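Given next are the chains, with one letter for each unit.
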Amino acid sequence: LSELFCHPAEKYLKNNEAEISFSESITKLETEGEKVIKVVTNKREITDFDFVISAVPFDPLKKILPELPFINSVNNNIQTSPIITIHLWLNENILEEKYFGLIDSKIHWVYKNKNHISVVISSADEFIEMDSKGIFNICIQELTKYFPKFNNVYVQNYKVLKEKRATFKSTPKSDKVRSTIKSPFNNLLLVGDWTNTKLPGTIEGAILSGKEVSEKII
């Protein structure tokens with residue numbers, strides 16, 4: 001995804017004289033009336049701007065701008081869902097296709113790389129508090145069940161990554177709350193898959209929100 005989206009976007013921005021600042025975090029947005037007048041970071045204060053575009057999830061947005069009228073409703077009514085990714089490094093990769101979607105399995109997606117595979121568990125509430133060894137054992141059990149050629153002797157190493165708030169749950173309640181999301185400041189625009197895109201928490205939703213905001217500015 002970095003090769004598909006992030007690197008080309010960075011190249012495009014730099015070619016069009018945009019400045020990208022890494023390792024710099026926003027600590028506060030100062031407002032006056034219906035405008036944001038100052039962006040405070042851990043390194044500096046920024047006041048020379050026409051617009052501020054926020055592309056952060058709703059949880060960190062609450063920390064930098066707690067007076068947003070809809071933010072408590074969003075935090076109270078939009079639930080998040082975890083995703084677990086298990087990376088397995090193999091001495092022999094027996095998978096024949098680039099990726100698989102499994103039905104009626106505890107694991108959902110299997111992606112083949114050169115010398116390792118990545119296993120993804122979506123909506124992983126059932127397993128998020130389990131330790132890495134337990135998750136690994138379930139992963140091996142399911143791979144052996146769905147891929148008869150697979151054997152745990154192929155596994156040289158593994159790593160379990162947990163994203164506890166990976167995405168939000170699309171429910172009637174969350175859809176109703178998302179429809180109320182609107183910036184109260186004329187020069188603050190909100191981007192993200194959690195905004196009122198009418199799509200679930202996906203890359204497509206995030207891109208759509210960015211496209212709509214850029215068109216508003218133009």
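Please refer to the structure higher up on the page.
Here we summarise the structure given alongside this text. The numbers attached to residues start from 1 for each chain and follow its sequence in the written order. Where local features are concerned, this predicted model is filtered to residues with pLDDT of at least 70; where side-chain atom pairs are given and counted, the filter is 80 or more; whole-chain, interface and lining totals use all residues. Hydrogens and water are ignored here; the side-chain numbers use all heavy atoms of the structure.

1. Structural notes on the nonpolar core
To define a nonpolar core, start from buried Ala, Val, Leu, Ile, Met, Phe, Trp, Tyr and Cys residues and group those joined through side-chain atoms within 4.5 Å. Only protein chains enter the accessibility calculation, which uses a 1.4 Å probe; a residue is then buried when its area is under 20% of its type maximum, exposed when over 50%, and partly exposed in between. Ranked by size, the top nonpolar core spans 27 residues in total, and within it Ile84, Ile86, Leu88, Val110, Ile117, Leu143 and Phe150 carry the most contacts. Runs of E in the DSSP output that reach at least two residues are strands. Runs of H or I that reach at least four are helices, and both are numbered from the N terminus. Elements that contribute at least two residues to this core include exactly strand 5 (80-90), strand 8 (116-121), helix 4 (132-146) and strand 9 (155-168). Ile86 has contacts with Ile117, Ser118, Val119, Ile121, Ile135, Cys139, Lys159 and Val160, leaving out every residue within four places of it along the chain. Membership of the second largest hydrophobic core comes to 20 residues, among which are Ile64, Ile71, Val74 and Phe185. Residues count as neighbours in contact if any of their non-hydrogen atoms are within 4.5 Å of one another.

2. Digging into a nonpolar patch on the surface
Residues enter patches when their relative accessible area tops 30% and they take part in no salt bridge; the joining distance is 9 Å for like charges and 5 Å for the nonpolar side chains Val, Leu, Ile, Met, Phe, Trp and Tyr. Only the protein chains shown count as covering a residue, and every accessible area follows the Shrake-Rupley method with a 1.4 Å probe. One speaks of a salt bridge when a side-chain nitrogen belonging to Lys or Arg is within 4 Å of a carboxyl oxygen belonging to Asp or Glu. On the surface, Leu1, Leu4, Phe5, Ile203 and Ile207 cluster together into a nonpolar patch covering about 500 Å² of accessible area. Those elements giving two or more residues to the nonpolar patch turn out to be helix 1 (2-15) and helix 6 (203-217). As for its position among the elements, Ile203 is in helix 6.

3. As for the packing of aromatic side chains
Any Phe, Tyr or Trp ring, taking Trp's six-membered ring, that has another such ring centre within 6.5 Å forms a pair; planes under 30 degrees apart are called stacked, those over 60 apart edge-to-face, and the others tilted. Throughout the structure, instances matching the rule amount to 6 aromatic pairs. Where Phe100 meets Phe147, the ring centres are 4.9 Å apart and the plane angle is 75 degrees; that geometry is what we call edge-to-face. On the criterion of sequence distance, the pair formed by Phe100 in strand 6 (residues 99-101) and Phe147 in the loop between helix 4 and strand 9 is long-range, its members being 47 residues apart. Phe147 sits in the buried class, given a relative accessible area of 10%. An aromatic cluster is built from Phe58, Phe70 and Trp194, whose rings are joined through pairwise contacts.

4. Describing the pattern of salt bridges
As enumerated under the stated definition, the model contains 10 salt bridges in all. Note that Glu10 is salt-bridged to Lys14, the shortest N-O span being 2.9 Å. Of this pair, Glu10 and Lys14 both sit in helix 1, 4 residues apart, which is roughly one turn of the helix. The exposure class assigned to Glu10 is partly exposed, which follows from its relative accessible area of 26%. Take Lys14: its relative accessible area is 46%, and that puts it in the partly exposed class. Its salt-bridge partner being Lys38, residue Glu30 comes within 3.8 Å of it at the nearest N-O pair. Residue classification places Glu30 among the partly exposed positions, given a relative accessible area of 25%. Within this structure, Lys28, Glu30, Lys38 and Glu45 form a network of salt bridges that share partners.

5. Quick look at the sheet that holds strand 5
Strand order in the open sheet made by the 5 strands is 6-7-8-5-9, with antiparallel pairing throughout. Bordering the open sheet on either side are strand 6 and strand 9, each of which pairs with just one other strand. Adjacent strand axes in the sheet meet at a mean angle of 15 degrees when their direction is disregarded. We call two strands paired when DSSP finds no fewer than two bridges between them. In terms of strand pairing, strand 6 meets strand 7 (residues 109-112) through 3 bridges, oriented antiparallel. Pairing of Gly101 across the sheet is with Trp109, part of strand 7. Along the sheet face, helix 4 touches strand 5, strand 7, strand 8 and strand 9 and points at about 105 degrees away from the line of strand 9. Working convention: axes come from line fits to C-alpha atoms, limited for helices to the stretch in contact. Angles between N-to-C directions cover 0 to 180 degrees.

6. Considerations on the sheet that holds strand 3 (residues 45-46)
In space, the 3 strands of this open sheet follow the order 1-2-3, with antiparallel pairing throughout. Taken across any chain shown, the strands that pair with only one partner, and hence form the sheet edges, are strand 1 (26-32) and strand 3. Both strand 1 and strand 2 (residues 35-41) contribute to a ladder of 6 bridges, which runs antiparallel. By the bridge assignment for strand 2, Glu32 is matched with Lys35.

7. Topic: the environment of Ile128
Mapped onto the secondary structure, Ile128 falls in the loop between strand 8 and helix 4. When the C-alpha atoms of Ile128 and Lys164 are compared, they prove to be 7.1 Å apart, with 36 residues separating the residues in sequence. Leaving out residues up to four positions away in the same chain, Ile128 has contacts with Pro82, Ile84, Lys162 and Lys164.

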